[in-house]
Structure formats: structure tokens, C-alpha cells
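# Commentary on secondary and tertiary structure
What follows is each chain in one-letter form.
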Amino acid sequence: MKKTLIAINSLLDLGILKKYAIAGGMAQFYYIEPSVTYDLDLIVNIGSEENSLTPLSQIYTWAEKNNYLTDNEHIMIEGIPVQFLLEYNPLVSEALDNSRNISLFEVNTSILEPEYLMAIMLQTRRPADYERLIRFFSEADPDPVKFNSIINKFGLEEKYDAFRRRFL
Amino acid sequence: MNNEYLKNLSDHKSVFHKKGAKTPYEEKFKIIIELQKMSIEMQNRNAKRPGRDKKRCVWRVEN
């Protein structure tokens, strides 16, 4: 994963990405016990409205130049399938803005904070998200004030109430 | 089985998983690779089962 992170960071140096953060399962497993996952999701800000029909085209061009194979939405970067996801709604956008700078495998990187990951899981509502969200409450020590603030801001109160009644 | 025993069991499991959550990320990464190997092996043994995702693969990484 070290080489993968170094390659991803080069996209910042090249100005192809303005900002990115690790999201999805690989971000969740920073805070809870790991389970199986098969890709590395990144939330990215490309810092440009140009090419809005093909916003990730520069990343795919970069991948081709570096002989990283692509398979639909995934780019195989140093052995790991990486999916680049644009900030697809205001919650995800704010999560990226507030992402945490960390070091993994001695490489500087950025990762979504647990309270935002929890809110995104609540918003997405896949079965795997619910299963992991339950574990976040028991394993991750989230800040309840911060989590509730995010829930209220993005109108997720009803979903949270329904989740809490069913699972907590 | 008494309720106190079950509560103790549940509490100890909770502590166990909380401790697992604090495992360094680099160690968790190794665990994920091992889980991928096991999952792929199980998939291959159940090749006729519907819903098998052929895109899933074990990451080929050095660390």
C-alpha cells in the first residue's frame, strides 16, 4: 500500500488532484476491526469545472502513462484497485474538507474522520454499511456531539432514529 | 445459563473487539490481505453459486 499511496500523492504534486481522502472500507477499518474489502475508495477534489462530462479524464490519462491498468471505474495502482470518487453530495464534500492528515506506511495521506464516515454510511444505507456502523458505535469511540451535529446539518435525523431503534 | 454469565461474555467480547479496533493499520492491512485470500478460496470452492464477483482479487502488494 506504500507504493499505492506514493503514486496517489504524485497526483497532488502534478496538480491533477487538489485534495483527496481515503474513504469506504479502507477508511472505516482505520477505526474498527477489519473485514474483507477489495478496493481502495478515494474521495477527490479535482479543483476544476473543466471537462465536466469526463471529470476524471486526467487521472485516466495519468494511469495510462504509468501503465496502470483500468477496469471500468477502478485503476489498478501498484497492485490495489483504486476507485476515484468525486465529491458527490454536500455531506461528502464537507467530509473531504474536514479530513484528517495521517501517516500510513510512512507516507503522508488523508482519511475521512469517523463521524463523517458514520454519517455517510447512514446516508448510503447498504447492508454492509449498517453492519459496520453498528461496529463504529462499539469500537471507534466517535464524538457524539460532532456526530449529532453532522446528522442534524444534513437532515439524517430520521434515518438515525430508525437505525438506532433497530440496531442499538 | 444465567444472565450474569451472558452479560460477562458479551462484555468480554466487546473489550476484545475494541482492542482489535486499536490494532495498528499496517497490521490490519495484513489481516485484510489474509481475509481476501480466504474469501477468494471460498468463492472458488463455491464457483457455481450465483452472485460470484469475478472482479474480486487478492491485492498484489509488497507491504
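What comes next is a walk through the structure. The model shown is predicted, which means the values in this text are computed figures rather than measured ones.

## Description of the interface of chain B and chain A
Between chain B and chain A, the contact holds 25 residues from the first and 29 residues from the second. In total, about 2,400 Å² of surface goes out of reach between chain B and chain A, with carbon and sulfur atoms giving 60% of it. Applying the counting rule to chain B against chain A returns two salt bridges. Salt-bridge contacts for K22 of chain B lead to D141 of chain A; the nearest nitrogen and oxygen are separated by 3.4 Å. Here chain B is connected to chain A by twelve residue pairs in polar contact (both at pLDDT 80 or more). Elements with a minimum of two residues in the side of chain B that touches chain A: helix 1 (3–21) and helix 2 (25–45) of chain B. Per-element accounting of the side of chain B that touches chain A gives the leading share, eleven residues, to helix 2 of chain B. Residue composition of the side of chain B that touches chain A, by class: eleven nonpolar, six polar and eight charged.

## Description of the packing of helix 5 (residues 114–124) of chain A against helix 7 (residues 144–153) of chain A
Residues and elements named next belong to chain A. The interhelical angle for the contact between helix 5 and helix 7, taken along N-to-C directions, is 40°, at an axis separation of 9 Å. Looking at the two axes, helix 5 sits oblique to helix 7. In the packing of helix 5 onto helix 7, the handedness of the crossing is right-handed. Residues E115, Y116, M118, A119 and L122 of helix 5 pack against K146, F147, I150 and I151 of helix 7. Partitioned by chemical class, the residues of the contact of helix 5 with helix 7 number seven nonpolar, no polar and two charged.

## Description of the packing of aromatic side chains
Residues and elements named next belong to chain A. With the rule as written, the count across this model stands at 13 aromatic pairs over all chains. Plain terms: the ring middles of F137 and F147 are 5.7 Å apart, the flat faces sit at 85° to each other, and that makes the pair edge-to-face. Of the two residues, F137 sits in helix 6 (residues 127–139) while F147 sits in helix 7, which places them ten residues apart along the sequence.

## Overview of the pattern of salt bridges
All names here are of chain A. Applying the stated criterion across every chain, the model contains 14 salt bridges over all chains. Between E94 and K153 there is a salt bridge, with the nearest N and O atoms lying 2.5 Å from each other. With a gap of 59 residues between them, E94 in helix 4 (residues 90–97) and K153 in helix 7 connect regions that are remote in the sequence. Its salt-bridge partner being K146, residue E113 comes within 2.1 Å of it at the nearest N-O pair. Note that E113 is positioned in the loop between strand 7 (107–111) and helix 5 and K146 in helix 7, a separation of 33 residues in sequence. Members of the salt-bridge network, linked through shared partners, are R100, E113, E115 and K146.

## Looking at the nonpolar core
Counting residues in each nonpolar core, the largest one holds 64 residues, and the members touching the most others are M1, I22 and F84 of chain A. With seven residues, the top contributor of residues to this core is helix 5 of chain A.

## Some thoughts on helix 6 of chain A
Residue and element names in this part refer to chain A. Across its 13 residues, helix 6 extends 18 Å between first and last C-alpha, which sits within 8% of the 18 Å expected from 1.5 Å per residue. Those residues of helix 6 not exposed but buried are D129, Y130, R132, L133, R135, F136 and E139. Of the residues one or two after helix 6, D141 is the one with positive phi, at around 50°.

Reading the values: rules and limits
- Residues numbered from 1 in each chain as written.
- Chains lettered and ligands numbered in written order.
- Predicted model: local features only at pLDDT ≥ 70, side-chain atom pairs only at ≥ 80, totals over all residues.
- Heavy atoms only, no water.
- Contact = heavy atoms within 4.5 Å.
- Buried area = accessible area lost by both parts, 1.4 Å probe.
- Salt bridge = Lys/Arg side-chain N within 4 Å of Asp/Glu carboxyl O.
- Polar contact = N/O pair within 3.5 Å; in protein donor to acceptor, adjacent residues only side chain to side chain.
- Helix = DSSP H or I, 4+ residues; strand = E, 2+ residues; numbered from the N terminus.
- Nonpolar A, V, L, I, M, F, W, Y, C, P; charged D, E, K, R; others polar.
- Axes fitted to C-alpha atoms, helices over the stretch in contact; angles between N-to-C directions.
- Parallel < 35°, antiparallel > 145°, perpendicular 65-115°, else oblique.
- Left-handed = near helix turned anticlockwise from the far one by under 90°.
- Phe/Tyr/Trp six-rings, centres within 6.5 Å; stacked < 30°, edge-to-face > 60°.
- Core = buried A, V, L, I, M, F, W, Y, C linked by side-chain atoms within 4.5 Å.
- Buried < 20%, exposed > 50% of the residue type's maximum accessible area, 1.4 Å probe, protein only.
- Expected span 1.5 Å × (residues − 1).

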